[in-house]
Structures are given as structure tokens and as C-alpha cells.
Amino acid sequence: MTHTLGQTGLRVSPLGFGAMHFDSLEDEAEVGRLLGGVLDLGLSLIDTARGYGRSEERIGRHLAHRRHEFVLSTKFGYGVDGIPDWTYDCIVHGVERTLRLMRTEVIDIGHLHSCPLEVLERGEVSRALQDCVRAGKLRVAAYSGENAELAHALADPGMGSVQCSLGLVDRANASLIGDTHKGVIIKRALGGRPWARARRPDDFCEGQYWDRWQALALPPEALDQLDWDELALRWVAEQPGVDALLLGSRSLGHLAQAQAALAKGPLPTDLREALDAAWQPLGCRWPGLI
């Protein structure tokens, strides 16, 4: 099952693969099995970035022969040798580098990756993305980030899609994406799974999410026949504006379980209202986390 990503004309599956978490895998055959298995499951959206280690190169190596089966999403703005970050030339040369590395003639979605607001406001990097679209190197110019930067990107007519955080412990962006006609891809739908951790993680974002989870103190009896993973995924998927959500996992079994959860559709009304009620006293002051 696929549907249209905003008004981009691209068709994506409700669940996409976030290709961030397999750089530590050294067995290329295992990497190939994982990436091939993602497509075999029917996940037709694969998201990566310049900053995800060997991810772009490996996707190109293992999936170039299946390029027609998926929407390719990646990110730009930094890491081009000899060119300053967050400049017009960095974007253009970054796109050309990625085309070569990923063995493709066109990138479907090209995001500015957590670009600072003052850079966005200058317009140079947005213009570079849009020039790449006009040159046929990108299909859709997009932005990945949160808060005021996300609002700026949503107001930019040249941006066809956005990517942002949204989840039970990170709702700040919900009001921004709720009435947009742009494509919306969600990252961090599980928020680092704070319900599964006995101790606070050292990672900045996951540590913040763990703190928020403790503060929310959602009652376990709210679950009934669900687990928190399923509840979180289904809650995100039904939020207004959301077209697809990303899950980064090295387990094809976990990805299949997430697919099955999303296929169940929206949560029961009473459960959704209970989650909203728990959020209101606390969450209104929590910003979206990059």
C-alpha cells in the first residue's frame, strides 16, 4: 500500500526505512540482506544523509539494481571537501557527489539537514536545492528539522516536503504540520523507546525523551491489548498532515511488526484522549528535538 507524499506526486509506503543505524555493520553481505529485505517487505521509502557514515554508498552499492522500487530521500548542507558548509556550492556539489555515490540519475527528495534559521533566511541554500530540481538532479526540494526552522520551510513555496520529529514525547511540531499541503515524513516516532529503558540514556535527545517520559507518567493500564511501540507508531501515523514515518532498525522482524501495527489504523478514541490529557499540563513547553 502506498499513497502520495503531499503534492509531490511521489508514492510512498506508510512506513519508511531510516538508514542511519547500520554503519557499524562490517559484513557487506549482511548489509545487502538488510537493504534487500527492506524492499522485499514493501517499504518504498528509504531515507539517509551525508552524515550517516557509509549509508549512502552502501545503498547505492546494494540497491542500484532495484532503484525503481523505492523513493530515495537524503540530506545536504555539509561535508563536501574544499567547500564551506551551508553555501550554494556546497549544496550543488553535495547533490552531484551523492548522485555518483548512490549510483542514480536522480534523487527523489533532497533535504537541507537541520539547517540553521539564519542560513535559511538568506535563501542561498534553498535556491541551490531548487536549482538542482530545475536541472533534473532532484525531484523534490525539502527540509529536515524542527521548530522555527521547520515553520520557515513550510512557508517556503519552493519546498515540497519536510521531515521532522513527532512522537508521544515530542509533539511540538504537530501544530505546524497539521494543515500543510506539503509532504510530511516523521522521524523519531518511537523517541528512543524510553518505556523500554530502566536507566536514562547518555545520548542528548534520548536522554531528554527519557526525562519527558518519566514526567508524563502514563499509566500502563492504558495499553490494554497494545504495547507502547505499537501505540506510539499508530498515534504518530494518524496525526494530521503525516504521510509516512521512518523506522531505523537492523531487524527485518521489527520492521515487519511495525508494518503490522500501522495496518491496524487509528487508535481507539478513548485511548487517544487519555494520551492527550496526560500531555497537556507538561508538553506544551517542550520544544521539538533535532
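Quantities reported herein were computed from a predicted structural model and do not represent experimental measurements.

Before going further, it helps to examine the overall build of the protein chain. Each helix and strand in the protein chain was counted, giving 11 helices and 10 strands. In terms of overall dimensions, the protein chain is globule-like: its C-alpha atoms have a radius of gyration of 19 Å, near the 19 Å expected for 290 residues. On the principal axes, the C-alpha backbone points of the protein chain span a range of 55 × 45 × 35 Å. Within the span of the protein chain, comprising 290 residues, buried residues form 51% of the whole. In the protein chain, the share of contacts with a sequence separation of at least 24, taken over all contacts with a separation of at least 6, comes to 70%. In the structure as shown, the protein chain presents an accessible area of about 12700 Å², 50% of it carried by carbon and sulfur atoms. Computed over 31 positive and 39 negative side-chain charges, the separation of the two mean positions in the protein chain equals 3 Å.

Okay, unusual backbone geometry next. Located in the positive-phi region is Ser-114, a residue other than glycine, with phi close to 55°. Note that Ser-114 resides in the loop between strand 6 (107-113) and helix 4 (117-122). With a phi close to 55°, Asn-147 is a non-glycine residue in the positive phi region. Note on Asn-147: relative accessible area 28%, which makes it partly exposed.

This part takes up the environment of Ser-55. Along the chain, the position of Ser-55 falls in helix 2 (residues 55-63). With a relative accessible area of 1%, Ser-55 lands in the buried category. Counting along the chain gives 45 residues from Ser-55 to Leu-10, while the straight-line C-alpha distance between them is 22 Å. Here Ser-55 is in contact with Ala-19, Phe-22 and Thr-48, once residues within four sequence places are set aside.

Calculation rules
Residues numbered from 1 in each chain as written. Predicted model: local features only at pLDDT ≥ 70, side-chain atom pairs only at ≥ 80, totals over all residues. Heavy atoms only, no water. Helix = DSSP H or I, 4+ residues; strand = E, 2+ residues; numbered from the N terminus. Rg over C-alpha atoms; globule rule 2.2 N^0.38 Å. Buried < 20%, exposed > 50% of the residue type's maximum accessible area, 1.4 Å probe, protein only. Contact = heavy atoms within 4.5 Å. Areas by Shrake-Rupley, 256 points an atom, 1.4 Å probe, with all protein chains shown as cover. Lys, Arg positive; Asp, Glu negative; His and termini not counted. Charge placed at Lys NZ, Arg CZ, Asp CG, Glu CD.

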